[in-house]
Amino acid sequence: MSAVAKPKNAAPPAAAAAPAAPPLNAGTPLDLARVRTVRVNQPAVARRVAVLNASRSVKKAYQAAWLVKAIQCMDLTTLSGDDTPGRVRRLCAKARQPLGAELLSALGLPSLQVGAVCVYHEMVAEAVQALQGSGIPVAVVSTGFPAGLTPMETKLREIELSVAAGAQEVDIVISRRHALTHDWAALYEELVSFKKACGPAHLKAILATGELQTLENVARASWVAMMAGADFIKTSTGKEGVNATLDVSLVMVRAIRDFQAETGQVVGYKPAGGISSAKGALQYLALMKEELGPRWLQPDLFRFGASSLLTDIERQLEHYVTGHYSAAHRHAMP
Ligand SMILES: O=C[C@H](O)COP(=O)(O)O
């Protein structure tokens, strides 16, 4: 990077002190009557999303501060069949230092790191070792990710092995058929078993919303997952035809809001899949702030699941401090 100077007339992004993390979600008994009352007003969702899409995004120092927040809330991810220990080590180095030293200093930040590193089970031990001493947790995708069509026994063993290898967060996939056939009791039981197998690790429930057919199914599956003790609800694996969208996100965050109002339990949110632009990330941050409040802009309650988003954020931040865009390949992910 060419010499970077702090832009004039612009405050540097502030590094806010982290609030105390909420306890794990204890869940509730399955309340089928409550699940069945969940409705989604689709025209209202479309109107709200249109407003979000039309909103002018924040500029200059405010935008830089929000993009730094997006990095802090990122599950930096590699989920490829050709992942290697070397790639995972490079990803972990990036997780520890997501921005170059010069850029970091120009932003006035003493340090910065991502929310977590997300990998397949076979890469957990490598990631745990590479992140030692950083405080960055390792998240693992599990339970037959991405389709979730392996035997239950295998799924539970997979969770146990990953937690034993040091994963602190487990991103499980639900059996979509339970939501598609409205067998909410089966979905609840499955998730309760996953939660038990996680022990002290956080359970992040991937609903694979692009395969659930209706927003009502998304809303009801969100409720069942939270009743079963999910600490986060997550949209997608990144492998479905349709991944994270603002529509499903609105439905899911409103379920989180209502669940908290009715039970007192605080649940996090993770949109994932296809979020690769800084502009898109800003829309999600605005959604979280407006729908759930600033507490959901902290990494213990909000994460982006993304494999390539950091590249664009880095470019935008470099533009903020230098006034120039660099080539995307200069910020390529490992
Ligand atoms: O959970 C994370 C997703 O798999 C990442 O999806 P992406 O590669 O489209 O960013």
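Each chain has its residues counted from 1, following the order in which its sequence is written. Local features in a predicted model are, by the rule used here, given only for residues with pLDDT of at least 70; side-chain atom pairs are given and counted only at 80 or more, and totals for whole chains, interfaces and linings are based on all residues. Computation of side-chain values covers all heavy atoms of the structure but excludes hydrogens and water.

An unreviewed UniProt entry annotates the protein chain as Deoxyribose-phosphate aldolase of Rubrivivax rivuli. UniProt positions are given in the numbering used here, feature names are shortened, and annotations may be inferred rather than shown by experiment. Regarding the protein chain, the relevant UniProt record gives this comment under Sequence similarities (unreviewed entry): "Belongs to the DeoC/FbaB aldolase family. DeoC type 2 subfamily." What UniProt records for the protein chain under Pathway (unreviewed entry) is the sentence "Carbohydrate degradation; 2-deoxy-D-ribose 1-phosphate degradation; D-glyceraldehyde 3-phosphate and acetaldehyde from 2-deoxy-alpha-D-ribose 1-phosphate: step 2/2."

J.: Tell me about the side chain of serine 134, and please be specific about residues and values.
T.: Within the secondary structure, serine 134 sits in the loop between helix H6 (124-130) and strand E3 (138-142). Polar contact is defined as a pair of N or O atoms within 3.5 Å, subject to the rule that within protein one atom must be able to donate a hydrogen and the other to accept it, and that residues adjacent in sequence are counted only when both atoms are side-chain atoms. Side-chain polar atoms of serine 134 contact the backbone oxygen of leucine 131, separated by 2.6 Å. Note on contacts: a residue pair qualifies if any of its non-hydrogen atoms lie within 4.5 Å across the two residues. Discounting residues that sit within four places of it in the chain, serine 134 has contacts with Arg96 and Gln113. Elements are defined by DSSP. Helices are runs of H or I of four residues or more, strands are runs of E of two residues or more, and each kind is numbered from the N terminus.

J.: Break down the state of the cysteines for me, citing the residues and quoting the values.
T.: One covalent bond between the sulfur atoms of two cysteine residues makes up a disulfide. The term disulfide is used for any two cysteine sulfur atoms that are within 2.5 Å. The full count for this structure, using the stated rule, is 0 disulfides. For cysteine 73, which is in no disulfide, the shortest distance to another cysteine sulfur is to cysteine 118 and amounts to 15 Å. The structure places no disulfide on cysteine 118, whose sulfur is separated from the nearest cysteine sulfur, that of cysteine 92, by 11 Å.

J.: Now, about the nonpolar core: what can you tell me, with residues and values included?
T.: We call a set of buried Ala, Val, Leu, Ile, Met, Phe, Trp, Tyr and Cys residues a nonpolar core when their side-chain atoms join them within 4.5 Å. Burial classification: accessible surface area is computed with a 1.4 Å probe over protein chains only, and a residue below 20% of its type maximum counts as buried, one above 50% as exposed, and the rest as partly exposed. With 101 residues, the main nonpolar core has Leu107, Ile172, Leu191, Phe304, Ile313 and Leu317 as its most contacted residues. When neighbours within four sequence positions are excluded, leucine 191 is seen to be in contact with Ile172, Ile174, Leu203, Ala205, Ala225 and Ala228. Listed in part, the 7 residues of the second largest apolar core include Leu79, Ala139, Phe145 and Val173.

J.: Got a sec to walk through helix H10 (residues 215-227)? Specific residues and values, please.
T.: Here the expected length of a helix is defined as 1.5 Å per residue gap, with one fewer gap than residues. In this model, H10 (13 residues) spans 18 Å end to end at C-alpha, consistent with the 18 Å of a helix rising 1.5 Å per residue. Of all 13 residues in H10, 12 are buried; the element is thus mostly enclosed. Along H10, the residues that are buried comprise Leu215, Asn217, Val218, Ala219, Arg220, Ala221, Ser222, Trp223, Val224, Ala225, Met226 and Met227. Phi for glycine 229, located one or two positions after H10, is positive at around 105°.

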